[in-house]
Amino acid sequence: MASSLDAHLSSECGSDPLKRQVADTIRNLCSASVKLRNKIIAGGEGMGNAHGATNAGGDVQKELDVVADKVFLEAAEASPIAFFGSEEQDEAVALKLDAPLALAIDPLDGSSNIETNVSIGTIFSILPVGDEHRGDPASVFRQKGSVQLGAGFFVYGPQLLLVMSMGNGTHVFIFSPSFGGFVELKSSLVLLDKAKEFAINASNYRHWDQPIRSYVDDLLAGSEGPRERDFNMRWIASMVADCYRILLRGGIFLYPGDGRKGYAKGRLRLVYEANPIAFCVENAGGLATDGTTRILDIVPEGLHDRTPLVFGSKREVERVARYIADPSALAERSPLFGKRSLFRA
Ligand code: F6P
């Protein structure tokens, strides 16, 4: 029988007291994810309806966003968490001020997909609260992603999955109703270096900067273009689902900044979306950047900062950085391929 998440967490922690608290927090998040999964399965009218408010980022809140926020706040209250920073709340909530950890969370990722019965998720990041951050929710969420003690995401799809890392590989667990908990599905994922698929919302093509257009043009040109091979495209619009697919079979995800009002840094949030995804991707041997800079090295200015995000197979993410940072790479492209692009007028 597959080993349980509980056994995995215990073996990762050894006798390290801080890691044990991280593990306890992950256990509580798992219980919360099962509660949320049960609510999703039960369905009910109105889960995907607008709640009547917007969240800190200006997105319209759905009923299920609000339910998810409450369920995960309760999990944080039961954990050694000093501050709970959620996408759904303007300010971080202070909990146990002498506790050693802070939790940043997107309680319901991909909420535009709720009513369509497509996979959605929860993304979390567990940060240390050192003495320098004690009592200061603003500075605790201004730490770089590289200091995360644990991070991961749940996928509410045909299966309830947990993808998580405590810095020692990225592992996948599946909720087993018969077992009554999570059991290991895949241990120590290895993200393929060569990408065959890309994920981007191509409807924003006209708003992108030239390097991103050129990169996508070259993918689309396939075997007749400079890449000399064909690529497939997927866009689920639930980052957790796109990320899980990429972890399993390689590929690249891009949500760049673009010319739309309010989208200069794209759509995704650094602290509770990009950082935990980057932590899982890097721990599986992949890479995550804002186009050029490693996500985990960016110092956030605040809990709700946005960042452009490119993650996936390392070589492919590095290639995007060359398109952005090295104009000579662009000049070397044959103009023929640009003209051939499906997206050119
Ligand atoms: O808000 C986060 C998110 O829903 C991601 O899960 C997803 O990748 C992205 O937004 C979809 O954005 P868009 O609707 O602009 O394609």
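Keep in mind the model is a prediction, meaning the values are calculated, not measured.

A. Structural detail: the side chain of Glu12. Relative to the elements of secondary structure, Glu12 occurs in helix 1 (residues 5–13). Among buried charged residues, Glu12 stands out as having no salt bridge; its nearest opposite-charge side chain is Lys19, 5.8 Å away. The contact partners of Glu12, leaving out residues within four places of it in the chain, are Lys19, Met166, Asn168 and His171.

B. Broad picture of the site of the ligand. Surrounding the ligand, one finds Asp109, Gly110, Asn201, Trp235, Ala237, Ser238, Met239, Phe253, Tyr255, Arg267, Leu268 and Glu273. Within the complex, 88% of the 400 Å² of free accessible area of the ligand lies under protein. Classifying every residue of the shell around the ligand gives 6 nonpolar, 3 polar and 3 charged.

C. Spotlight on the nonpolar core. With 38 residues, the main nonpolar core has Ile26, Phe72, Leu103, Phe124, Phe154, Leu162 and Phe182 as its most contacted residues. The dominant element in this core, judged by the number of residues it contributes, is helix 2 (residues 17–42), at 8 residues. Excluding residues within four positions of it along the chain, Leu103 makes contact with Leu29, Ala76, Ile81, Phe83, Phe84, Gly85, Phe124, Ser125, Ile126 and Phe141. Core analysis: the next-biggest nonpolar cluster, separate from the first, contains 36 residues, Phe153, Ala199, Val240 and Leu270 among them.

D. View of the pattern of salt bridges. Scanning the model with the defined rule gives 13 salt bridges in all. In this structure, Asp24 and Arg27 form a salt bridge, with 2.9 Å as the shortest nitrogen-oxygen distance. Of this pair, Asp24 and Arg27 both sit in helix 2, 3 residues apart, roughly one helical turn. Arg27 sits in the partly exposed class, given a relative accessible area of 24%. Residues Arg315 and Asp193 are paired through a salt bridge, measuring 3.3 Å at the closest nitrogen-oxygen approach. Residue Arg315 is located in helix 8 (residues 314–325), and its partner Asp193 is located in the loop between strand 10 (181–186) and strand 11 (197–199); the two are separated by 122 residues in the primary sequence. The partly exposed category is assigned to Arg315, whose relative accessible area is 48%.

E. Just the packing of aromatic side chains, in detail. Inspection of every chain in the model, using the stated rule, returns 9 aromatic pairs. Every member of this aromatic cluster is reached through a ring pair, and the members are Phe72, Phe124, Phe154, Phe175 and Phe182. We note Arg306 situated over the ring of Tyr263; from NZ or CZ to the ring centre the distance is 5.3 Å.

Procedures and definitions
- Residues numbered from 1 in each chain as written.
- Predicted model: local features only at pLDDT ≥ 70, side-chain atom pairs only at ≥ 80, totals over all residues.
- Heavy atoms only, no water.
- Helix = DSSP H or I, 4+ residues; strand = E, 2+ residues; numbered from the N terminus.
- Buried < 20%, exposed > 50% of the residue type's maximum accessible area, 1.4 Å probe, protein only.
- Lys, Arg positive; Asp, Glu negative; His and termini not counted.
- Salt bridge = Lys/Arg side-chain N within 4 Å of Asp/Glu carboxyl O.
- Contact = heavy atoms within 4.5 Å.
- Near = heavy atom within 4 Å.
- Areas by Shrake-Rupley, 256 points an atom, 1.4 Å probe, with all protein chains shown as cover.
- Nonpolar A, V, L, I, M, F, W, Y, C, P; charged D, E, K, R; others polar.
- Core = buried A, V, L, I, M, F, W, Y, C linked by side-chain atoms within 4.5 Å.
- Phe/Tyr/Trp six-rings, centres within 6.5 Å; stacked < 30°, edge-to-face > 60°.
- Lys NZ or Arg CZ within 6 Å of the ring centre and 35° of its normal.

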